[in-house]
Amino acid sequence: INMPRNPELMRTCITEMSKALEGADAALIEEFFYSLFTAAEADEMAKRWALVKELAKGTPQRKIAADLGLSLCKITRGSRELKKPGSAFRQLLDKLPSSRAT
């Protein structure tokens, strides 16, 4: 059954999960993600994060599409999100140890 999206439920639950994960250690968060998502969903999430990291490195969109098997629409969306002022993508990328080294 393909149910319509429920924006109120989505906002409430994502807010709850965000608050519950605040301050949690990386191992717990990783275990939570693997428990929450199916293998296909985890794969999709990993590819989306990988595309954000590649965009931040300046990798051309068509190369990212070919390497990760993603549509240009998803990559363009990621690019737009990365360019927004105060981008959550940028803030999280800045927390990665590899970004601090440069």
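Fair warning: this is a prediction, and the values are worked out from it, not measured in the lab.

> So what's going on with the overall build of the chain? Which residues, and what values?
Per the secondary structure count, the chain includes seven helices and zero strands. In sequence order, the secondary structure elements of the chain are arranged as α-α-α-α-α-α-α. Dimensions along the principal axes, computed over C-alpha positions, put the chain at roughly 35 × 35 × 30 Å. Taking all 102 residues of the chain together, the buried fraction comes to 15%. Pairs at least 24 residues apart make up 37% of the contacts formed inside the chain by residues separated by at least 6 positions.

> Please set out the environment of Pro 7 residue by residue, giving values where relevant.
With respect to the secondary-structure elements, Pro 7 resides in helix α1 (residues 7-21). In this structure, the C-alpha to C-alpha distance between Pro 7 and Glu 31, residues 24 residues apart in sequence, is 26 Å.

> For the nonpolar core, give the residues involved together with the corresponding values.
Residues Leu 51, Val 52, Leu 55, Ile 64, Ala 65, Leu 70, Ile 75, Leu 82 and Leu 93 constitute the largest nonpolar core, which totals nine residues. Put simply, the parts of the chain that give this core at least two residues each are α3 (39-57), α4 (61-68) and α5 (72-83). It is α3 that provides the largest number of residues to this core, a total of three residues.

Scoring rules and cut-offs
Residues numbered from 1 in each chain as written. Predicted model: local features only at pLDDT ≥ 70, side-chain atom pairs only at ≥ 80, totals over all residues. Heavy atoms only, no water. Helix = DSSP H or I, 4+ residues; strand = E, 2+ residues; numbered from the N terminus. Buried < 20%, exposed > 50% of the residue type's maximum accessible area, 1.4 Å probe, protein only. Contact = heavy atoms within 4.5 Å. Core = buried A, V, L, I, M, F, W, Y, C linked by side-chain atoms within 4.5 Å.

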